[in-house]
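Secondary and tertiary structure notes
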Amino acid sequence: MLFEKRSAEPSLEAPSSSMTSEKGDNPLIWPLLSVLQSSNHSWKVHHLASELQNKGLMHDLDPLPEKDLFKRNFLLMNALYELQDILLPKQWLQVKAMEIQLFRIVPGNADLLHRQDAALRDYYLDWKNYDTSINVVREMLESFWNSYQEYIGVNIQLMNKGHALKVFELDDSASNKDIRRQWKKLALKWHPDRDQGNAERFKEVCEAWQTLRDKSLVA
């Protein structure tokens, strides 16, 4: 059974020295626990990353932007799944990219939930996957992008090219570089998690970007 995996649980306030000094222990485990314990709301994985970065606990991990993003995400997910096992059977840590939350009461179906995430958990707990190839990283980022689109409710029906360029405030002469630069600028400007963000404008920008990507205007 899942809840028989550990014979003894470390203190939540002060993890044992043997555990913190264990070779390969992810240094984000305990800072993450502190952040999750200090709040009653759920977190998105990129918000947790920002919180840890603000605390000076996350730095650049790779000169290639895509691999840097992947490695940050890998460290976070690895730490979260490690922490999930550490906390059982006393507490339940829900680990979903867009909904990470610590619960004081373990749900009755926690064993089932734990088994359902087995493949993803095994991937992130295997350190051989940390330094994966750039092509694999791009595939995984694409998969995350598709999931994120579903999460924010982006329309899967593509805009026409002219409308998409208009949303991006560009014309037919725009280069791949122009499109990519404008995408980053507008996504950052309208992201709903920002103080001046706008969810509807952000969705429109996402839909325009997906159209331009699918039309092979962007490398």
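See above for the structure.
Reading the values: rules and limits
- Residues numbered from 1 in each chain as written.
- Predicted model: local features only at pLDDT ≥ 70, side-chain atom pairs only at ≥ 80, totals over all residues.
- Heavy atoms only, no water.
- Phe/Tyr/Trp six-rings, centres within 6.5 Å; stacked < 30°, edge-to-face > 60°.
- Helix = DSSP H or I, 4+ residues; strand = E, 2+ residues; numbered from the N terminus.
- Axes fitted to C-alpha atoms, helices over the stretch in contact; angles between N-to-C directions.
- Parallel < 35°, antiparallel > 145°, perpendicular 65-115°, else oblique.
- Contact = heavy atoms within 4.5 Å.
- Nonpolar A, V, L, I, M, F, W, Y, C, P; charged D, E, K, R; others polar.
- Salt bridge = Lys/Arg side-chain N within 4 Å of Asp/Glu carboxyl O.
- Core = buried A, V, L, I, M, F, W, Y, C linked by side-chain atoms within 4.5 Å.
- Buried < 20%, exposed > 50% of the residue type's maximum accessible area, 1.4 Å probe, protein only.

Summed over all chains, the structure comprises 9 aromatic pairs. Here Phe-70 and Phe-74 contribute two aromatic rings whose centre-to-centre distance is 6.1 Å and whose plane-to-plane angle is 45°, an arrangement assigned as tilted. One end of the pair, Phe-70, and the other, Phe-74, are both in helix H4 (residues 65-87), 4 residues apart, so they sit about a helical turn from each other. A centroid spacing of 5.7 Å and a plane angle of 65° characterise the contact between Phe-74 and Tyr-130, whose relative ring orientation is edge-to-face.

Let's shift gears to unusual backbone geometry. With an omega of 5°, the peptide bond between Leu-88 and Pro-89 qualifies as cis. When you line up the elements, Pro-89 lands in the loop between H4 and strand S1 (92-94). Even without glycine at this site, Glu-169 takes up a positive phi of about 60°. In this fold, Glu-169 is placed in the loop between helix H8 (161-167) and helix H9 (176-190).

For the pair helix H3 (residues 45-54) and H4, interaxial distance at closest approach is 10 Å and the crossing angle is 100°. Taken together, the axes of H3 and H4 are roughly perpendicular relative to one another. For the pair H3 and H4, the contacting residues are Val-45, Leu-48, Ala-49, Leu-52 and Gln-53 in the first and Arg-72, Asn-73, Leu-76, Met-77 and Leu-80 in the second. Along the lines of polarity and charge, the residues of the contact of H3 with H4 split into 7 nonpolar, 2 polar and 1 charged.

Summed over all chains, the structure comprises 10 salt bridges. A salt bridge links Asp-126 to Lys-128; the shortest N-O distance between them is 3.2 Å. Overlapping salt bridges bring together Asp-62, Lys-67, Lys-71 and Asp-131 as one network.

Now for the nonpolar core. Core analysis: the biggest nonpolar cluster contains 30 residues, and Leu-32, Leu-36, Leu-48, Leu-76, Leu-80, Leu-83 and Leu-93 have the highest contact counts within it. Residue assignment for this core shows that the elements contributing at least two residues are helix H2 (29-37), H3 and H4. Setting aside residues up to four positions removed in sequence, Leu-32 forms contacts with Leu-48, Leu-52, Leu-76, Ala-79, Leu-80 and Leu-83. Residues Met-159, Trp-183, Leu-186 and Phe-202 belong to the second largest nonpolar core, which totals 17 residues.

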